[in-house]
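Listed here are the chains, written in short residue letters.
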Amino acid sequence: MNEKHNISDEPKSITLQQWDERYECLYKAGMPGPDYNGPLGRHFEDGDLRLASLRFDNSPAALRLWNLLLSEEDRLQADREAGRTIIGAMKDLGTVPVMAYALDNVATFYPDGAWWIPCVMQHSAGLLRVADKLGIDESFCPVRAMVGAFETGNHFPTPDLLICSVGAVCDDFSAIAQRVEAMGHPVLWWEVPPRRLAGANETSVRLPSGFTAASSQVDLVRNELRRVAGEIEKATGQTLTGAKLSEGIRKANTVREKISSLRQLVYTSDPCPLPALEMLIVEMLALHYCSDYEQTVEVLDELLTEARRRVDQNVSVLDGDAVRVFWVNPVADLQVMNLLEEVGGRISGTDYMFCHALSQIPDDVEPFEALARTALGDPMVGPTADRARMICREIQKFGCEAVIVSRIPGASHCAFEGEVIGKMVRDGLGLPVVEVEVPTVIDAVRPALRTRLEALMETARGRRQ
Amino acid sequence: MKRICYNSAYIPPEWIEAHGFQPFRPCNHKPFNENRAPISVDGCCTWSQVYITQATMHENVAAVIVASICDQLRRSSEALNTPGRHHTPTMLLHIPATWQSESAQRCYRDELHRLGNFLESIGGTSPTPGRLKSILIAYEVKREDVRMQLQTMTGRERATALAAMHGDTNGKPEHAHRAPRVPHFDCAAAKCAHEDTLCPSGQSVAPRATESRDSSATPIALLGSELPRYQWWLFDTIKQHGGHVALDATDYGQRGLPEPIDQSLIDNDPFEAMASAYQQIPHIRQRPNDRFFDWLLNAIKQTNVKGIILRRSLWCDLWHAEVHRIKQLSPIPVIDIDLDVDATTCERAEGRIAAFLEMLR
């Protein structure tokens, strides 16, 4: 099949226009694919203007990945028309969808994902302007685009049930989600406490992400998740039995296992088989399967096949001597991942703020207990030093040579975290670290950003000698 | 008696005292940049920096409690736990953001018990129900004193009395700040505290008379997070331009007072009486925060204030995000004043307050 459809071509980084031309050839050659597949240019025509400024991997597997991502809005709309229950999960990143997808006829997504709309649509949707008018100005992080998305109602169907975790979450998000509720979208709030170690007379629980928490905190989160499950049951008219939740966990673990395999393969192989941008999207699939579990599994399988083929054939889109970079925090402008590779870097490890969504959910304990342990393992709900230590372990595991901490503009947690993480990496591992702030569209700061990244690459290369 | 430094209305001082310590909720005397702090909290908001650094500088403090009323405080508390940087025992106390569920109510009580265990671990005594009951009653009497006089006090008098009730007498004997049981407060406390009228730049905000009640002054509400002592010049600015603070709805003000504690519950279960009273304090951070808005709208009606001065700290997302909604829901005009510790902001704030009060006349 590979030869027939010319997908054994040398890996290349190509533009949107080149992809559309390539798609035409592949299509005429009879490339199979799901109904949402098609030329990426159609998404540009629909307003995803940033696509024209990105460079993409040229594999059909990557094409399908992009199409899965960019067709989510249509998919959710179709779910609404088909009468499926739509659940909006906010902030927990990877917990509520495990419960929701354990039931039938449910679609779950993260309205938080709207934070990328200003980038992808290059501000043409005006979501940030709407948020401005509602008093959520640029001093807040770009997730404020979610306020604009709810207000305009243009980017996702209004969920039947909106669920948000609070407690140990950043003030930006908590404040913005509260505004969403005040706009007439009732929110089911559930509590996640700041993770802490067990006290003298408490028992301790080891979490899947490697952290430890007091068992009373796991109990609290487990009870909260049961409460959330009760509301999901009311919204869907179904019962979330232990057996069903266990099945939901098994499905989640399948996706997480595939992503873990891809990360291991891509972040450790030389030359790097898949680009940073596509891998960022791959990691995001762990959160809510882009509203389509089956397609997510198939897309990941295709990407694994493609990555393994490239490793076997020792081919890549990148130079063999690219600097191995560990990236901390997600970027508001996707183009930065291209920029890193343009200046001679590659991603060899990540913490995009949802590492807990990548770890396996325990299958040997009661399912709500398992999910509670996983949720408490969120690096963002514990001390920053915990997160920094985890990052250091990952850096060593993947053999990274440099670290980039990308700040999210307006995000209140970034300034403090950046200091702590940067110091621990420098002092503990002796690696070069830079902090960069990535706005939603980097065009105005691209030269300065490029200079900083180039300097980091130069420093890292100099250390090889 | 050793003091326990704490930062939130959700931490009952009675609970600390019942464990044999003196509760001390500092009203942050000076802005951060005027101190040579033994610890730095780079990257967090000014308010949390002020609390964390000053908590480590007060004398006779046995422990520092940081209530996680916002994410900035949660993160800044980590600086206190960094090995080798600070030697006073520290505890991060989680105040649940949710309040309607059984889990949230249980979580709050569990955290108070954890606080009790912590206090015992540093030399405190385990309180008997009888001891807790007597302390609760004593505090209730003190609060009742203040409640009775709230409407007759000037803003500064009220702030001074409330600070004293939280153990912060600004280095003066407590009796100098205690509110007397008479309708007309004698301003002794206000005079004591008047030295705190420096604006953050260090300039005096003179010429300015000591604030006193003037029946022709426009009653306004002061709303926002904790008003640190170094920003009490706001009371004088408001007075100078023809207003007076009839409702102190800051975290340190009337809004931070628990409702009268259920006397019958005190007899049967003093811990539960205390916990249920304190957990009901309305706050902008709660999710949902309807209870805060209900309290505010009711207080506006009861106090007959003509305008709201919303004073918020730069960087404080929790208040910033609600400015629009407060303006939408308020039946009276609202002005939004963002303050940091620099002089420019201070002057701008004065100008805005002057214009606001002129408009209200």
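Heads up: these notes are all about the structure in this document. (Residues numbered from 1 in each chain as written. Chains lettered and ligands numbered in written order. Predicted model: local features only at pLDDT ≥ 70, side-chain atom pairs only at ≥ 80, totals over all residues. Heavy atoms only, no water.)

**Side note on the overall build of chain A**
Then, in step 1: Across its full length, chain A carries 18 helices and 12 strands.
Then, in step 2: Taken over C-alpha atoms, the radius of gyration comes to 21 Å for chain A, in line with the 23 Å a tight globule of 465 residues would show.
Then, in step 3: By its C-alpha atoms, chain A is 55 × 55 × 50 Å across when sized along the principal axes.
Then, in step 4: Buried positions account for 65% of the 465 residues belonging to chain A.
Then, in step 5: Long-range pairs, those at least 24 residues apart, make up 75% of the contacts in chain A with a sequence separation of at least 6. (Helix = DSSP H or I, 4+ residues; strand = E, 2+ residues; numbered from the N terminus. Rg over C-alpha atoms; globule rule 2.2 N^0.38 Å. Buried < 20%, exposed > 50% of the residue type's maximum accessible area, 1.4 Å probe, protein only. Contact = heavy atoms within 4.5 Å.)

**Points about the pattern of salt bridges**
Residue and element names in this part refer to chain A.
Then, in step 1: Applying the stated criterion across every chain yields a total of 51 salt bridges over all chains.
Then, in step 2: Across the salt bridge formed by Asp321 and Arg461, the nearest N and O atoms sit 3.7 Å from each other. Of this pair, Asp321 sits in the loop between helix H13 (293-313) and strand S9 (323-328) while Arg461 sits in helix H18 (residues 446-464), and the two are 140 residues apart along the sequence.
Then, in step 3: Judged by its relative accessible area of 40%, Asp321 is partly exposed. (Salt bridge = Lys/Arg side-chain N within 4 Å of Asp/Glu carboxyl O.)

**Considerations on the state of the cysteines**
All names here are of chain A.
Then, in step 1: If you walk through the whole model with that rule in mind, you get 0 disulfides over all chains.
Then, in step 2: Here Cys119 stays free of any disulfide, with the sulfur of Cys141 as its closest cysteine sulfur at 14 Å.
Then, in step 3: What makes Cys119 buried here is its relative accessible area of 0%.
Then, in step 4: Between Cys414, a free cysteine, and Cys141, which holds the nearest cysteine sulfur, the sulfur-to-sulfur gap is 8.1 Å. (Disulfide = S-S within 2.5 Å.)

**Let's talk about the nonpolar core**
What tends to happen in soluble globular proteins is that the nonpolar side chains get buried as a cluster.
Then, in step 1: Grouped together as the largest cluster of nonpolar side chains are 247 residues, with contacts concentrated most on Met99, Leu262 and Trp327 of chain A.
Then, in step 2: With 10 residues, the single largest contributor to this core is helix H12 (residues 276-288) of chain A.
Then, in step 3: Residue contacts for Met99 of chain A: discarding those within four places in its chain leaves Leu225, Val228, Ala229, Ile232, Leu240, Leu245, Phe368 and Leu371 of chain A.
Then, in step 4: Of all hydrophobic cores here, the second largest spans 23 residues; its members include Ala163, Phe235, Val245 and Ile337 of chain B. (Core = buried A, V, L, I, M, F, W, Y, C linked by side-chain atoms within 4.5 Å.)

**Overview of the interface of chain B and chain A**
Then, in step 1: Taken together, the contact pairs 34 residues of chain B with 43 residues of chain A.
Then, in step 2: The junction of chain B with chain A conceals about 3000 Å² of combined surface from both sides, 55% of it contributed by carbon and sulfur atoms.
Then, in step 3: It is Arg75, Arg287 and Asp317 of chain B that lose the most area in chain B upon contact with chain A, and together they represent 20% of the buried surface on that side.
Then, in step 4: Linking chain B to chain A there are 1 salt bridge. (Buried area = accessible area lost by both parts, 1.4 Å probe.)

**Comments concerning the side chain of Ser101 of chain B**
Then, in step 1: The topology assignment puts Ser101 of chain B in the loop between strand S4 (90-93) and helix H4 (102-121).
Then, in step 2: The class of Ser101 of chain B is buried, set by a relative accessible area of 8%.
Then, in step 3: With residues up to four places along the chain from it excluded, the contact list for Ser101 of chain B reads Glu224 and Arg227 of chain A.

**Describing the sheet that holds strand S11 (residues 402-407) of chain A**
All names here are of chain A.
Then, in step 1: Pairing within the open sheet is parallel, and its 4 strands lie in the order S10-S9-S11-S12. Strands at the two margins of the open sheet, each flanked by one partner only, are strand S10 (345-351) and strand S12 (433-437). Here the strands of the sheet are splayed against their neighbours by 30° on average, with no regard to which way each runs.
Then, in step 2: In this sheet, S12 lies alongside S11 in parallel orientation, the contact comprising 5 bridges. Residue pairing for S12: Ile404 is matched across the bridge by Val434.
Then, in step 3: Across the sheet, helix H11 (residues 242-268) lies against S9 and S10, angled at about 145° from S10, the strand it touches most. (Pairing = 2+ DSSP bridges. Axes fitted to C-alpha atoms, helices over the stretch in contact; angles between N-to-C directions.)

**Here's the deal with the packing of H11 of chain A against helix H15 (residues 367-376) of chain A**
Residues and elements named next belong to chain A.
Then, in step 1: At a closest axis distance of 9 Å, the pairing of H11 and H15 adopts a crossing angle of 40°. Here H11 lies oblique to H15, going by the angle between them. Where H11 approaches H15, its residues Gly242, Leu245, Ser246, Ile249 and Arg256 are matched on the opposing element by Pro367, Phe368, Ala370, Leu371 and Thr374.
Then, in step 2: Class assignment of the residues belonging to the contact of H11 with H15 gives a composition of 6 nonpolar, 3 polar and 1 charged. (Parallel < 35°, antiparallel > 145°, perpendicular 65-115°, else oblique. Nonpolar A, V, L, I, M, F, W, Y, C, P; charged D, E, K, R; others polar.)

**Remarks on the environment of Arg389 of chain A**
All names here are of chain A.
Then, in step 1: By secondary structure assignment, the location of Arg389 is in helix H16 (residues 384-398).
Then, in step 2: A relative accessible area of 41% means that Arg389 is categorised as partly exposed.
Then, in step 3: Side chain to side chain, Arg389 and Asp386 meet in a polar contact 3.1 Å long. (Polar contact = N/O pair within 3.5 Å; in protein donor to acceptor, adjacent residues only side chain to side chain.)

**Examining unusual backbone geometry**
In terms of backbone geometry, most residues other than glycine have negative phi values and most peptide bonds are trans.
Then, in step 1: Pro271 of chain A follows Asp270 of chain A through a cis peptide bond whose omega is -5°.
Then, in step 2: By secondary structure assignment, the location of Pro271 of chain A is in the loop between H11 and H12.
Then, in step 3: Between Arg287 of chain B and Pro288 of chain B the backbone carries a cis peptide bond, its omega angle lying at -5°.
Then, in step 4: Positionally, Pro288 of chain B belongs in the loop between helix H10 (270-279) and helix H11 (290-303).
Then, in step 5: Not every positive phi belongs to a glycine, and Asn329 of chain A is a case in point at roughly 80°.
Then, in step 6: Here Asn329 of chain A shows up in the loop between S9 and helix H14 (335-342).

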